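Remarks on the overall topology
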Amino acid sequence: MGYTIGVDVGGTFTDVVLGGTSGAIAVAKCLSTHYDPIAGIVAGVTRALGDRDPAQVTRVVHATTLATNAVLERKGVRVAFVTTQGFRAAVPLGRYARVEEDRYDLRFSPPPPPVAAGDCFEVVERVSARGAVLTPLDVGSVRRAAAAITARGITSAAVCLLHAYANPVHERQVAEILRESIPDVVTSSEIWPEIREYERATTTIMSAYIGPLMASYLSQLRERLAEIGIRAPVHVMESSGGVISAELAARRAVATIESGPAAGVLAAAGTGFRDVISFDMGGTTAKACVVRGGAPEITNEFHVGGKGSFGGRRAGTGVPIKTPAIDLAEVGAGGGSVAWLDAAGALRVGPHSAGSSPGPACYGLGGSEPTVTDANLVLGYLSSASLPLTPDLAAKALDRLASPLGVSREETAYAVHEIVSASMASAVHVVTVQRGIDPRGFALVAFGGAGPMHAARVAERFGIGTVVVPAHCGVASAAGLLTGALSTDRVLSRLDAPDPSAVFTSLTAEAAADLGVSPSDPGVLVSRSVDVRFQGQSHDLTVEWTPSREVLAARFFARYEEVYGIAQRGEIELVSYRIRLTAPPPDPTTPTADATTTAPPDAPSAAPFTADVSTLAPAPEDSTPSPSPPHLGAAPRRRRAYFPEAGGYADVPVHTRDTMAGAPLHGPAIIEDAESTIVVPPGWTATLAETRAVHLTRSTTCQTS
């Protein structure tokens, strides 16, 4: 017997799922502990384990927002930037796009660069774009830079020399000298050796910026898990949806910047629908991603932070990162998003969130500002009978908004509900309509603690007729971690390399070494692609590799027309070579060799407001399967919930997935899960699939916008 644990730490909740060979066994959900994220993890893991032997845990897979938060909040370590003589100003100058309200700001000041100008240093050397050494490395200049960095008290350095992707010899020599006095040194040729100096520099800098934090965090996580008897390997979800070891995550921390959202997209891709829109709404943010043909869209460049970027598409906003990531849009809209009145008296929702501390007013933890969760409680979508919520506190918070607006409490609450749904719809709009994709042919897969409450309303705005809410939807991201295969990416820029097969072979060997596998091992898959551009152009497009130049050109022409809407022909050149190596996850039935039978100590004090939903079906494999719940198909409860189509509050049935067995459920209705709630508006019908997923379909024509 062996178990795998998936841990997803969000801005509001920490979700833990414990799985075995027959699927989900137990889940736990508790408030995130921002003062010490590991405390919330340990509390959730302890609760999910119950009385199971922690020594039987063979793998822990973690999705973390540590890297993202460090970049957004500028809480990384101080970094020195070392580059080729004459290029030290590239990073301080940067690239900035004036978007949103900044377009009209005559006194616009760009954000501070990732590295201050005084912390940028030059060394004497030069390599051509083809890899030829034009100016040999001056070792003396490197030692002078090392002395200056040490004198400033800087302990982390990022080395990005001109054209080091073509020939890394100088970078390696510089790093070797710097490491004599500087503890943490990373080079662009180690992190991501791809063409484009500025993006390669910022990617390397961000890895040096967050790498020490990630290494310390993962080391502490392993120690704290060992204290409760878990000595299994810790793996981390990377931005592209693969899983890597904690050691590799510490070395390539920049690959984990979009770790948190990636796991949920994998869960959406595993629902059995080929074309879906992943819709993940938690307590702090909402995220959307397109999955076509069963595979999520992947981008090779995204931007962290900045205005108007919606998670990474707006060039010139935030810090550019050149590493594969699941291509998603993100908005500051979640259950904890605060509703407020702007200077003109208009109602706004988010992006500020009450988070887990002090939390929404109805949590009773000290929060007093009205949030989306408070509005949903007032509307009757949530119930204080199944969760420790205080309706009176929510009502008081909404009354403070209703009074200046001059409307009733319930009208204010529904306005908050509608506004946040519109905000989340903007994320769906970014990944579909703005990219030329008609969303009406897709199913919307909703998960997260708050997603199923808003999914149908979001779908209506786009004419989407099917909404899928998977089992354990409230912890779907953590559940998605259990299915994540070991995977990593490699890239190398070589302008029309004379032997592409040799480049691919080298990249494959490096990736296999990172995962501790052999390319010839059973189940190991290697996908190859190449970046192609027209001769004379600067930018390129990625297409699947083939040795045939004619077929490769045809694929590039088709991709070019798809992206730009123009049929173009001409001479092409190959710029970069990419591989993605995927290996099956370790067998969960085989405990690790160093696992012990030490019983866990008393559980640490858990975060307040914990939703203990452990021991969900199916039962543990090492026990006798329990019979079907006695309430299967029983009569539902009823409560009042607000639906404008019904003229306001209406008495609606409240089901669980167990009481849904049999006939379809017509809206208005509510379906409660242990960790989430599904709202079925009028005009929608809910059915329970064999997978225990709830399928919502529009039974009447809904107004779209």
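Scroll up for the structure.
Spatial ordering of the open sheet is given by 6-5-9-10, a layout of four strands whose pairing is parallel. Strand pairing shows two members of the sheet lacking a second neighbour, strand 6 (120–123) and strand 10 (184–187), which therefore form its edges. In this sheet, adjacent strand axes meet at a mean angle of 25 degrees when their direction is disregarded. Pairing geometry for strand 9 (residues 156–159) and strand 10, over four bridges, is parallel. Looking at strand 10, one finds that A157 is bridged to V185. Contacts from helix 4 (residues 139–151) reach strand 5 (79–84) and strand 6, with the element oriented near 165 degrees to strand 6.

Where helix 4 meets helix 5 (residues 169–178), the axes come as close as 9 Å, and the angle between the chain directions of the two elements is 45 degrees. Comparing their axes, helix 5 and helix 4 come out oblique. In terms of crossing hand, the pair formed by helix 4 and helix 5 is right-handed. Of the residues in helix 5, those in contact with V139, V142, R143, A146 and I149 of helix 4 are V174, I177 and L178. For the contact of helix 4 with helix 5, the per-class residue count stands at seven nonpolar, no polar and one charged.

In this fold, S337 is placed in strand 21 (residues 337–341). At 2.7 Å, the side chain of S337 forms a polar contact with the backbone nitrogen of G334. Those residues in contact with S337, other than ones at most four positions away along the chain, are G283, T284, G332, V349, G350, H352, S353, P370, T371 and V372.

How two aromatic rings sit relative to each other is given by the distance of their centres and the angle of their planes. This model, assessed by the stated rule, comprises eleven aromatic pairs. The interplanar angle of 80 degrees and the centroid separation of 5.6 Å between the aromatic rings of F504 and Y577 together place this pair among those described as edge-to-face. With F504 in helix 15 (residues 500–515) and Y577 in strand 28 (residues 572–583), this residue pair connects regions lying 73 residues apart in the sequence. In this structure Y577 comes out as buried when scored by relative accessible area, which is 0%. Grouping aromatic residues by their ring pairs yields a cluster made of F534, F556, F557, Y560 and Y564. Over the ring of F13 we find K29, and its NZ or CZ is 5.0 Å from the ring centre. For R528, the ring lying beneath its charged end belongs to F504, and the centroid distance is 5.2 Å.

Conventions adopted
- Residues numbered from 1 in each chain as written.
- Predicted model: local features only at pLDDT ≥ 70, side-chain atom pairs only at ≥ 80, totals over all residues.
- Heavy atoms only, no water.
- Pairing = 2+ DSSP bridges.
- Helix = DSSP H or I, 4+ residues; strand = E, 2+ residues; numbered from the N terminus.
- Axes fitted to C-alpha atoms, helices over the stretch in contact; angles between N-to-C directions.
- Contact = heavy atoms within 4.5 Å.
- Parallel < 35°, antiparallel > 145°, perpendicular 65-115°, else oblique.
- Left-handed = near helix turned anticlockwise from the far one by under 90°.
- Nonpolar A, V, L, I, M, F, W, Y, C, P; charged D, E, K, R; others polar.
- Polar contact = N/O pair within 3.5 Å; in protein donor to acceptor, adjacent residues only side chain to side chain.
- Phe/Tyr/Trp six-rings, centres within 6.5 Å; stacked < 30°, edge-to-face > 60°.
- Buried < 20%, exposed > 50% of the residue type's maximum accessible area, 1.4 Å probe, protein only.
- Lys NZ or Arg CZ within 6 Å of the ring centre and 35° of its normal.

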